[in-house]
Amino acid sequence: MDRQTDVVIVGTGAAGLFAALSLPRDKEIIIITKKDAESSDSFLAQGGICVLRDESDYDSYFEDTMRAGHYENRKESVDIMIRSSREIIKELIGYGVRFARRPEKEAEEPENFLDSYAFTREGAHSKPRILFHEDVTGKEITGKLLEQVRSLENVTIMEYTTMTDIIVEDGRCAGITAEDEQGNTMRLWAPDTILASGGIGGLYEHSTNYPHLTGDAVRIAKQHGIRLEHLDYVQIHPTTLYSKKPGRRFLISESVRGEGAILLDKNGRRFTDELQPRDVVTAAIRKQMEKDGTDHVWLSMERIDKDTILRHFPNIYEHCLEEGYDVTRDWIPVVPAQHYFMGGIWVDSDSRTSMEHLFAAGETSCNGVHGANRLASNSLLESMVFARRAAQKITADQDGQHSSTVQ
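Keep in mind it's a predicted model, so treat the numbers as computed, not measured.

Of the regular secondary structure elements, the protein holds ten helices and 18 strands. Computed over C-alpha atoms, the radius of gyration of the protein comes to 21 Å, within 12% of the 22 Å expected from 2.2 N^0.38 for 407 residues, which places it in the range of a compact globule. Working note: accessible area of the protein is about 17,000 Å², and carbon and sulfur atoms make up 45% of it. Of note, the protein has its 48 positive side-chain charges centred 4 Å away from the centre of its 66 negative side-chain charges.

Given below as structure tokens:
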């Protein structure tokens with residue numbers, strides 16, 4: 001089967017959906033996704049999404065991102081992300097995304113629209129700047145984006161469709177080849193293609209990612225000699241719920257530690273500062289496990305009052321309860337697991353890859369925002385900021401080309 005469209009997008013996570021919403025309504029768009037549209041890691045994000053609260057927070061936010069990334073970040077990309085954050089949040093609110101509010105500010109219309117919202121803090125952040133919806137922020141954001149995309153007449157979503165290659169003509173990307181569940185092959189031709197197919201967690205035995213996310217775009221890019229960057233930059237999340245069962249690990253959000261949870265060794269002694277960057281906390285946990293001869297450490301939420309746990313972390317509370325742990329009373333066993341890929345397909349500040357007419361956004365791309373270690377809750381924001389820049393660049397180029405043809 002051959003189909004012609006204006007833009008092909010691979011992936012229905014935050015990056016792919018936001019790109020579709022950022023493209024003009026007169027562009028025909030086809031989005032493919034390997035499983036069902038809801039099975040993207042963006043839906044799994046718990047903690048929240050960062051935002052520049054006001055101008056006085058810029059230097060601190062910039063430094064926190066750089067420090068967490070071991071100063072290997074691309075400064076231009078970090079600046080673009082931070083400067084774009086307030087606009088992204090306004091757009092999300094316009095799409096119906098519900099972030100936690102401060103009850104005492106509900107009736108007010110503050111000069112700074114963010115002043116009515118509640119903020120949480122996570123590891124390596126010097127101050128609270130993270131908006132959240134309970135402990136299912138990714139589901140709230142990505143679910144609303146998917147609703148919006150599904151309402152668009154110019155967008156077709158093809159589920160259970162796997163990209164098998166890109167189409168290259170005269171050194172340029174001209175679309176993709178794909179295969180459906182029945183093994184039928186197709187060619188989707190388009191002037192521009194956006195790869196937003198997520199990370200590489202499916203390649204690991206223990207990961208917080210969906211198992212079908214196996215770095216397909218990176219593998220295909222490598223086969224075509226497309227520039228890649230920092231493929232060894234893989235982030236391990238310090239706290240996932242320990243289980244002897246195989247399969248995806250349940251994340252215990254970093255915001256739990258941001259609200260006061262502490263890590264304990266086998267004797268119930270605290271052994272590290274829980275609000276250090278993720279790689280530092282992960283190293284401390286592994287060292288303690290080796291010292292204690294155990295395959296997990298303990299996380300205690302005893303310093304967080306019960307109302308906060310039930311209001312802010314209802315999903316974590318319920319899941320742990322199903323596993324036999326009441327987090328309002330019990331310590332829970334936690335262990336590090338693969339979580340995020342900071343490397344990927346190299347892109348510039350407009351999300352262009354080294355191949356013309358091929359773009360990449362989200363976890364499959366590497367625009368340098370995260371450096372060697374991602375700062376908590378920057379992923380959703382970074383995905384949407386640079387997905388929108390890809391959409392804007394495609395629109396400008398296609399419209400410019402159309403204008404010159406008309407002339």
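Here we come to the layout of surface pockets. Looking at the second largest pocket, its volume works out to about 230 Å³. Around the second largest pocket, the lining residues are Ala100, Arg101, Pro103, Ala118, Phe119, Thr120, Phe132, Glu134, Glu259, Thr308, Arg311 and His312.

What follows concerns the packing of aromatic side chains. Taken as a whole, this structure holds three aromatic pairs when the rule is applied. Measuring from centroid to centroid gives 6.4 Å for phenylalanine 99 and tyrosine 117, while their planes differ by 80°, and the two rings are edge-to-face. Here the residue phenylalanine 99 occupies a position in the loop between α3 (75-94) and β5 (130-131), and tyrosine 117 occupies one in the loop between α3 and β5, the gap between them amounting to 18 residues. Each member of the pair, phenylalanine 99 as well as tyrosine 117, carries the same accessibility label: buried. Positioned over the ring face of tyrosine 58 is arginine 83, at 3.9 Å from the centre of the ring.

Here helix α2 (residues 58-68) crosses α3 at 135°, and the two axes come no closer than 10 Å. With respect to each other, α2 and α3 are oriented oblique. Regarding α2 and α3, the two cross each other, and that crossing is right-handed. Across the interface between the two elements, Tyr58, Tyr61, Phe62, Thr65 and Met66 of α2 pack against Lys75, Val78, Asp79, Met81, Ile82 and Arg83 of α3. Of the residues in the contact of α2 with α3, the class split is seven nonpolar, one polar and three charged.

Cut-off values and rules
- Residues numbered from 1 in each chain as written.
- Predicted model: local features only at pLDDT ≥ 70, side-chain atom pairs only at ≥ 80, totals over all residues.
- Heavy atoms only, no water.
- Helix = DSSP H or I, 4+ residues; strand = E, 2+ residues; numbered from the N terminus.
- Rg over C-alpha atoms; globule rule 2.2 N^0.38 Å.
- Areas by Shrake-Rupley, 256 points an atom, 1.4 Å probe, with all protein chains shown as cover.
- Lys, Arg positive; Asp, Glu negative; His and termini not counted.
- Charge placed at Lys NZ, Arg CZ, Asp CG, Glu CD.
- 1 Å grid on protein atoms, 1.4 Å probe; cavity = no way out; pocket = protein on both sides within 12 Å on 5 of 7 lines; lining within 4 Å.
- Points joined across faces, edges and corners; volume = space filled by probe spheres on them.
- Phe/Tyr/Trp six-rings, centres within 6.5 Å; stacked < 30°, edge-to-face > 60°.
- Buried < 20%, exposed > 50% of the residue type's maximum accessible area, 1.4 Å probe, protein only.
- Lys NZ or Arg CZ within 6 Å of the ring centre and 35° of its normal.
- Axes fitted to C-alpha atoms, helices over the stretch in contact; angles between N-to-C directions.
- Parallel < 35°, antiparallel > 145°, perpendicular 65-115°, else oblique.
- Left-handed = near helix turned anticlockwise from the far one by under 90°.
- Contact = heavy atoms within 4.5 Å.
- Nonpolar A, V, L, I, M, F, W, Y, C, P; charged D, E, K, R; others polar.

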